[in-house]
Amino acid sequence: AQRSLYTYSMDPSDGQMVLLSITKDEVMNPAFSRFHPRKNLLYTCTESVAENGQIVTWKVCPETGRLSKLASSDAGGTSTCYLTLDKACENMLVVNYWDATIGVFGVDPKQGHVDGVRSTFDPNNGRKMKARHDKHVNHSQNDHSAQAE
């Protein structure tokens with residue numbers, strides 16, 4: 001991607017959006033974003049079934065809305081799709097959809113970037129998924145061939 005994330009402001013009276021900035025840093029398939037409630041930071045996770053997702057921390061300029069990449073961390077699983085912070089903003093819960101793992105990562109108290117895995121839960125105990133990203137997976141039909149997948 002040449003341009004990864006677009007920042008807009010929205011006029012709440014009429015819903016009109018105005019483009020503020022476009023990031024220059026490439027980010028593969030951003031899937032979900034979450035603002036830090038007390039710092040001008042935005043967290044974005046990337047989603048891929050072929051490789052581990054990334055958790056990217058962006059500084060947000062309060063005047064222009066411009067995003068500057070602060071840090072990037074491995075999400076510990078594939079198809080990373082959800083991020084949330086605990087109330088104290090000391091930990092981030094990360095959900096990896098494809099391999100069904102959940103991770104808790106530390107958040108740096110000064111700069112706010114993701115600072116390393118603290119714990120993980122893998123219901124498959126490290127076993128590889130039977131479904132593969134390079135083979136068709138039938139999610140819409142409930143016949144015998146789909147159940148066999």
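Anything mentioned here points back to the structure above.
Residues numbered from 1 in each chain as written. Predicted model: local features only at pLDDT ≥ 70, side-chain atom pairs only at ≥ 80, totals over all residues. Heavy atoms only, no water.

Student: Help me out: how do you make sense of the sheet that holds strand β9 (residues 101-107) in this one?
Tutor: Strands in a sheet are paired, the pairing made by backbone hydrogen bonds, and the direction either parallel or antiparallel. Pairing is antiparallel in the open sheet, where four strands are placed in the order β7-β8-β9-β10. Among the strands making up the open sheet, the edge pair consists of β7 (80-85) and β10 (114-121). Strand after strand, the sheet turns through a mean of 25° between neighbouring axes, direction not considered. Here β9 runs beside β10; their pairing, made up of five bridges, is antiparallel. Bridging across to β10, Val-107 finds its partner in Val-114. (Pairing = 2+ DSSP bridges. Helix = DSSP H or I, 4+ residues; strand = E, 2+ residues; numbered from the N terminus. Axes fitted to C-alpha atoms, helices over the stretch in contact; angles between N-to-C directions.)

Student: Would you mind showing me how to read the nonpolar core here?
Tutor: For soluble globular proteins, the rule of thumb is that nonpolar side chains tend to be buried together. Ranked by size, the top nonpolar core spans 13 residues in total, and within it Tyr-43, Ile-55, Leu-83, Leu-85, Met-92, Val-94 and Val-114 carry the most contacts. If you list the elements that add at least two residues to this core, you get β4 (41-46), β7, β8 (91-96) and β9. For this core, the leading source of residues is β4, giving three residues. Counting residues in hydrophobic clusters, the runner-up holds seven residues, among them Leu-5, Leu-42, Val-56 and Leu-67. (Core = buried A, V, L, I, M, F, W, Y, C linked by side-chain atoms within 4.5 Å. Buried < 20%, exposed > 50% of the residue type's maximum accessible area, 1.4 Å probe, protein only.)

Student: Is there a simple way to think about unusual backbone geometry in this case?
Tutor: Generally, phi is negative for residues other than glycine and the peptide bonds are trans, each holding for most cases. Look at Asn-29: it is not a glycine, yet its phi comes out positive at around 45°. Summarising the element assignment, Asn-29 is placed in the loop between β2 (17-22) and β3 (30-35).

Student: Hey, could you run me through the sheet that holds strand β5 (residues 52-60) in this one?
Tutor: Within the open sheet, the four strands sit side by side as β3-β4-β5-β6. Their pairing is antiparallel. The sheet is open, and its two edges are formed by β3 and β6 (67-78), each paired on a single side. Strand-to-strand, the axes of this sheet are offset by a mean angle of 20°, without reference to chain direction. By the bridge criterion, eight bridges tie β5 to β6 in an arrangement that is antiparallel.

Honestly, it's all geometry; don't read function into it.
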